Amino acid sequence: MSTGSRVSAALVAIAFFSVTLLAQPASYRAKVQSTPRFLQTDRDAGFENAGDQFCAPTAVSNSLMWLANHGYEELKPAARSEKAAQIRMIKLLAGADLMNTNPQKGTDVSEVIAGVQGYVENAGYEIESLQYAGWRPAPEDAVAGETPDIDAVKEAIADPHGAAWLNVGWYRYDEESGDYARSGGHWVTVVGYDGADLLIHDPSPRAGTGFSTQRITLEAIEEGQLTGRQANLPRSAEGYFIVGDEMKVSKNVTCILDGAVVMKLR
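This section reports on the structure supplied with the text. (Residues numbered from 1 in each chain as written. Predicted model: local features only at pLDDT ≥ 70, side-chain atom pairs only at ≥ 80, totals over all residues. Heavy atoms only, no water.)

On to the overall build of the chain, then. Counting secondary structure elements, the chain contains five helices and 11 strands. By the compact-globule yardstick of 18 Å for 266 residues, the chain fits well, its C-alpha radius of gyration being 20 Å. With respect to the principal axes defined by its C-alpha atoms, the chain has extents near 70 × 55 × 35 Å. Out of the 266 residues in the chain, the part that is buried amounts to 50%. A sequence separation of at least 24 residues applies to 64% of the contacts in the chain between residues at least 6 apart. Total accessible area on the chain stands at roughly 12,900 Å², and carbon and sulfur atoms take up 48% of it. Taken together, the 23 basic and 34 acidic charged side chains of the chain have centroids lying 6 Å from each other. (Helix = DSSP H or I, 4+ residues; strand = E, 2+ residues; numbered from the N terminus. Rg over C-alpha atoms; globule rule 2.2 N^0.38 Å. Buried < 20%, exposed > 50% of the residue type's maximum accessible area, 1.4 Å probe, protein only. Contact = heavy atoms within 4.5 Å. Areas by Shrake-Rupley, 256 points an atom, 1.4 Å probe, with all protein chains shown as cover. Lys, Arg positive; Asp, Glu negative; His and termini not counted. Charge placed at Lys NZ, Arg CZ, Asp CG, Glu CD.)

Here it is, written out as structure tokens:
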């Protein structure tokens, strides 16, 4: 290769590397303050079972409200106020023809994906991609992997047409066996990231009743098993993450990132 060719190749490589860095910055906070943090147990909303199991439609609505206010106006239901519009949106998402949220058991991954797709398409928009990476059952054409893809989450949230939601599980750690036994789960909205940490809006009252953003850390699990009665368990815990820092959990509960749904609109 000639000297000129080597220089040209080097310049192309530098340009490609620079574009990659610009495409995914080390920190992204542009959506933090403008993304709602709606409380799933809000008394004005009147959700079934006081909203105890409405974390999924509420978490999704936070992102859809942001998108509605940034170019996708038809996502927002007509209402007298932003709060009334979001309450209406959550009820539509939770409805039998979309997520079919169970007031006693919540919403599984397949139902979240079906609900998001149906809601967006009903509003007249097209989805470029809607994928899930994690261990819980999901439609085959939406599965991107069996372990959470944090880079995909960051890429989606930094995209003005994107959104991301985390599905975390509540586990009890057994020191003798080194295993984690699942007892339940929860959905939260990703609103940004700072280095390796993610920034979330948690719809649970555990995280407070006013507007707040939680910074969460992700600690890779290197051994043990995830166990429980759910489909696809037990399985190796390697490749999953313990969620820490400002993630609000009950006493003696370990929070583990089971998976993430990411979406990009056209």
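On to helix H4 (residues 109-122), then. With 14 residues, H4 extends 20 Å from end C-alpha to end C-alpha; this agrees with the ideal 20 Å at 1.5 Å per step. Taken together, the buried positions of H4 are occupied by Val 109, Val 112, Ile 113, Gly 115, Val 116, Gly 118, Tyr 119 and Val 120. Tucked into the core, H4 has its buried residues touching helix H2 (55-68), helix H3 (82-94), strand E2 (127-134), strand E4 (162-174), strand E5 (179-194) and strand E11 (254-265). Its side-chain oxygen 3.2 Å from the backbone nitrogen of Ser 110, Asp 108 forms the N-cap of H4. Of the residues trailing H4, Gly 124 is marked for its positive phi of about 95°. (Expected span 1.5 Å × (residues − 1). Polar contact = N/O pair within 3.5 Å; in protein donor to acceptor, adjacent residues only side chain to side chain.)

For E5, the tally of buried residues reaches 12 of 16 residues, placing the bulk of the element in the interior. Inspection of the sheet shows strand E1 (residues 27-28) paired to E5 by two bridges, in the antiparallel sense. Opposite Ser 27, over in E5, you have Asp 194 as the bridge partner. Here E4 runs beside E5; their pairing, made up of 10 bridges, is antiparallel. Within the sheet, the bridge partner assigned to Tyr 171 lies in E5 and is Arg 182. Turn length for the E4-E5 hairpin, with the two strands adjacent in sequence and antiparallel, is four residues, and the turn residue Gly 178 shows positive phi of about 80°. Both E5 and strand E8 (residues 225-227) contribute to a ladder of two bridges, which runs parallel. Across the sheet, residue Ala 181 finds its bridge partner in E8, namely Thr 227. Bridge count between E5 and strand E6 (residues 197-201): five bridges; the pairing is antiparallel. Bridging across to E6, Tyr 193 finds its partner in Leu 198. (Pairing = 2+ DSSP bridges.)

These figures capture arrangement, not role.
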